[in-house]
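This is what each chain is made of:
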Amino acid sequence: MIFLTALPLFWIMISASRGGHWGAWMPSSISAFEGTCVSIPCRFDFPDELRPAVVHGVWYFNSPYPKNYPPVVFKSRTQVVHESFQGRSRLLGDLGLRNCTLLLSNVSPELGGKYYFRGDLGGYNQYTFSEHSVLDIINTPNIVVPPEVVAGTEVEVSCMVPDNCPELRPELSWLGHEGLGEPAVLGRLREDEGTWVQVSLLHFVPTREANGHRLGCQASFPNTTLQFEGYASLDVKYPPVIVEMNSSVEAIDGSHVSLLCGADSNPLPLLTWMRDGTVLREAVAESLLLELDEVTPAEDGVYACLAENAYGQDNRTVGLSVMYAPWKPTVNGTMVAVEGETVSILCSTQSNPDPILTIFKEKQILATVIYESELQLELPAVKPEDDGEYWCVAENQYGQRATAFNLSVEFAPVILLESHCAAARDTVQCLCVVKANPEPSVAFELPSRNVTVNETEREFVYSERSGLLLTSILTLRGQAQAPPRVLCTSRNLYGTKSLELPFQGAHRLMWAKIGPVGAVVAFAILIAIICYITQTRRKKNVTESPSFSAGDNPPVLFSSDFRISGAPEKYESREVSTLECH
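As the structure is a computational prediction, the values presented were derived from the model and not from experiment. (Residues numbered from 1 in each chain as written. Predicted model: local features only at pLDDT ≥ 70, side-chain atom pairs only at ≥ 80, totals over all residues. Heavy atoms only, no water.)

1. Observations concerning the packing of aromatic side chains
- In the structure shown here, the tally under the stated rule is 17 aromatic pairs.
- Chaining the aromatic ring pairs together yields one cluster made of W22, F44, F46, W59, F117, Y127 and F129.
- Over the ring of Y390 we find K361; its NZ or CZ atom is 5.7 Å from the centre of that ring. (Phe/Tyr/Trp six-rings, centres within 6.5 Å; stacked < 30°, edge-to-face > 60°. Lys NZ or Arg CZ within 6 Å of the ring centre and 35° of its normal.)

2. Looking at the pairing of strand β19 (residues 236-245)
- In the sheet, strand β12 (residues 149-150) pairs with β19 via 2 bridges, with the strands oriented parallel. Residue V149 lies in a different strand from β19, and its bridge partner there is V236.
- In this structure, β19 lies alongside strand β21 (residues 257-266), joined through 5 bridges in antiparallel fashion. Its bridge partner being in β21, I242 is matched across the sheet by A263. (Pairing = 2+ DSSP bridges. Helix = DSSP H or I, 4+ residues; strand = E, 2+ residues; numbered from the N terminus.)

3. Section: the environment of T489
- By the secondary structure assignment, T489 is in strand β41 (residues 487-492).
- C-alpha of T489 to C-alpha of P413: the two residues are 76 residues apart in sequence and 9.3 Å apart in space.
- Non-local contacts of T489, meaning those with residues more than four positions away in its chain, are made with S441, V442, A443, E445, T496, K497 and S498.
- At 3.2 Å, the side chain of T489 forms a polar contact with the side chain of E445. (Contact = heavy atoms within 4.5 Å. Polar contact = N/O pair within 3.5 Å; in protein donor to acceptor, adjacent residues only side chain to side chain.)

4. A word on the nonpolar core
- Ranked by size, the top nonpolar core spans 28 residues in total, and within it F44, W59, V73, L104, Y115, F117 and L135 carry the most contacts.
- Here this core gets 3 residues from one element, more than from any other, and that element is strand β10 (residues 126-138).
- Non-local contacts of L135, meaning those with residues more than four positions away in its chain, are made with I30, S31, A32, V38, L104, L111, G112, G113 and Y115.
- Formed by 23 residues, the second largest nonpolar core is a distinct cluster that contains V149, V155, V161 and L180. (Core = buried A, V, L, I, M, F, W, Y, C linked by side-chain atoms within 4.5 Å. Buried < 20%, exposed > 50% of the residue type's maximum accessible area, 1.4 Å probe, protein only.)

Structural data, given as structure tokens:
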């Protein structure tokens, strides 16, 4: 605010110094519009004992020392002045009353400078005062804006122009103030050093939109063409508002992502990109770009931009969704079950978007879900047929992954109906095919001879397992009489099963059941059995007890010439040359 000073300081100094000392008082600075006039107020004093009859005075320009021949602005004795001041300077004060006030008219820029006064009382009583006044020639009004203008807070802006020309009085008006407020004219005010100013005030509450607004003040002088304009740009401080930001962003795994945040504020805000409380990047700027190279699913989430300055803050978020193919599915659940139990298997994965999950076995779909990350397979009462390899497949538009897993169903032995015996000439072969899990034991019984042959007695029994099937073959040689009854018994920890093996025609052997490799192995075993038993019989004086009592029949009986049929060809039995052991 500008306050009217009732009594200028230098006038107080004059009154206090009235004791007879050399001294002068004038404003240290004064200003005037080009083309107008200016009155420089001046008072001086000298010792009372001098009592001069006449008091003269001289005004100098830019130097107080006559020996330097400074330009004379005004001289009361001769009225001789420098050409720059001819017709433009005159004394307004009465030197006899110690008033040295000077008036300069039609001022121009070259008149700007220092003005010194010299008192001349006659003879040696002359004194050039060191005090001086600096004249400033201006062309624009002075608009005074507070050092801080904050949006939403009332502010006072003033327009001040010098009013030190008694011949021309300025009038003030505001330019570009529409929408801001109505001006209030304070009028002519005296400053501390005795100069005068004309003041107009403008009160308004600025908004952020007013920042940078060009506000002007015009000084005009009635009855002249003189007009002077001055402008000031409003520097309105306001808190940040985020005005630019990505909407939700979708990106493919491994691609490049740019997130932009821009804010409007004054002063510039500190922009900060954050995720889960972690600062990723920050800078003082209008906008800030966050670059993410080769994004991964781990970078999926919500990103926040915070803008702040001394006047407030703002924040906004953006979601980044990283699209990627399903991960390799994981399978949790029961992988071993007993027949009749309920089995629950959970297949899960991660992907974006959620995948289609499918569980199938042997190309048959068992369960599927769309756009889910988990799939539950329920088998309420498992059967042996449920045993085997399963696949869980997850797929979306970005790829496919699969996981294989095995379900093992444990159950009691089942002897298949294809189990039987067949005789050809003097050879009997019995085939027992058992389905079981875990692997069962198999034994062949000949009730009429009270003989039991286990699969561990490889001299007589050949076994081969394939998946859940166990195929055992008992071979009897040298059977001239009627074929004996043969029982096949199989057991595991879930139960025991027995079946009397039926006899089929003599032309059908069982080599087809075990395949070519099994046939060769069985053939070799039979050769070894024949040789083994022959050598055993040749040892007449063996002291060890035999495996069977004198009244028992051996599990494999041979004729006296120890003949054996050759290996199967195209799964049919054929006779080959006789093999003898020595």
